[in-house]
Amino acid sequence: VQLQASGGGLVQAGGSLRLSCAASGRTFSSYSMGWFRQAPGKEREFVATIFRGGGSTDVAASVKGRFTISRDNAKNTLTLEMNNVEPGDTAIYYCAASVRVIWSTRVDPAAYGYWGQGTQVTVSS
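Residues numbered from 1 in each chain as written. Predicted model: local features only at pLDDT ≥ 70, side-chain atom pairs only at ≥ 80, totals over all residues. Heavy atoms only, no water.

Draft legend 1. Local environment of the side chain of arginine 37. Along the chain, arginine 37 turns up in strand 4 (residues 32–38). There is a polar contact of 2.9 Å between the side chain of arginine 37 and the side chain of tyrosine 93. Once you skip the residues sitting within four places of it in the chain, arginine 37 turns out to touch Glu43, Arg44, Glu45, Val47, Ser62, Val63, Phe67, Gly88, Asp89, Ala91, Ile92 and Tyr93. (Helix = DSSP H or I, 4+ residues; strand = E, 2+ residues; numbered from the N terminus. Polar contact = N/O pair within 3.5 Å; in protein donor to acceptor, adjacent residues only side chain to side chain. Contact = heavy atoms within 4.5 Å.)

Here it is, written out as structure tokens:
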């Protein structure tokens, strides 16, 4: 699967942004999907995941109540709705896919075998 993230940009603190990830191929529904982010000088960190099948979701504690992950299997699209953003959300955001990730490894970037190119999100204070 090939992934293309988009929707990043500059937004003021308290604002909203919607990130999208377009996936190629006809088997999008068979992948569990995730969003990760990486700020300068920091390691890549888990943001949110949505699993294949029943579509179980999880978000990082730092974004809980502000970010929502969803997917549209008919359109091969993954979305991250970002509300009430904070300067600490500034990072490059990556979408990722995996057929092998299990719930206990959902926050580990190494569990995802496919990655998009990333989209920059900058939150100004």
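Moving on from the coordinates now.
Draft legend 2. Just the state of the cysteines, in detail. Taken as a whole, this structure holds 1 disulfide when the rule is applied. Through a disulfide, cysteine 21 is tied to cysteine 95; the S-S separation comes to 2.2 Å. One disulfide, between cysteine 21 and cysteine 95, carries an S-S torsion of 65° and so falls in the right-handed class. Pair noted here: cysteine 21 is in strand 3 (residues 17–23) and cysteine 95 is in strand 9 (residues 91–98), with a separation of 74 residues, a long-range link. The two residues cysteine 21 and cysteine 95 agree in class, both being buried. (Disulfide = S-S within 2.5 Å. Buried < 20%, exposed > 50% of the residue type's maximum accessible area, 1.4 Å probe, protein only.)

Draft legend 3. Up close: the pairing of strand 9. The buried count for strand 9 comes to 7 of 8 residues, which makes it a mostly enclosed element. Two elements, strand 9 and strand 11 (residues 119–124), share 3 bridges in a ladder whose sense is antiparallel. Bridging across to strand 11, isoleucine 92 finds its partner in glutamine 120. Here strand 9 pairs with strand 10 (residues 114–115) via 2 bridges, running antiparallel. Paired with alanine 96 across the strands is tryptophan 115, a residue of strand 10. (Pairing = 2+ DSSP bridges.)

Draft legend 4. Structural context of the nonpolar core. Counting 36 residues, the largest nonpolar core has Trp35, Leu78, Leu80, Met82 and Tyr93 as the members making the most contacts within it. The set of elements that each furnish at least two residues to this core consists of strand 1 (3–6), strand 3, strand 4, strand 5 (45–50), strand 7 (67–72), strand 8 (77–82), strand 9 and strand 11. In this view, tyrosine 93 contacts Leu19, Trp35, Phe36, Arg37, Val47, Phe67, Leu80, Met82, Gly118, Thr119 and Val121; residues no more than four positions away in its chain are not counted. (Core = buried A, V, L, I, M, F, W, Y, C linked by side-chain atoms within 4.5 Å.)

Draft legend 5. Structural context of the packing of aromatic side chains. This structure, assessed with the given rule, holds 7 aromatic pairs. The interplanar angle of 75° and the centroid separation of 5.9 Å between the aromatic rings of phenylalanine 36 and phenylalanine 46 together place this pair among those described as edge-to-face. Of this pair, phenylalanine 36 sits in strand 4 while phenylalanine 46 sits in strand 5, and the two are 10 residues apart along the sequence. You'll find phenylalanine 36 and phenylalanine 46 in the same group, each marked buried. Ring centres of phenylalanine 51 and tryptophan 103 lie 5.0 Å apart, and the angle between their planes is 65°; this geometry places the pair in the edge-to-face category. Taken together, the residues span a long stretch of sequence, with phenylalanine 51 in the loop between strand 5 and strand 6 (57–59) and tryptophan 103 in the loop between strand 9 and strand 10 at a distance of 52 residues. An aromatic cluster of three or more residues is present, and its members are Phe36, Phe46, Tyr94, Tyr112 and Trp115. Residue placement shows arginine 44 over the ring face of tyrosine 94; its charged tip is 3.8 Å from the ring centre. (Phe/Tyr/Trp six-rings, centres within 6.5 Å; stacked < 30°, edge-to-face > 60°. Lys NZ or Arg CZ within 6 Å of the ring centre and 35° of its normal.)

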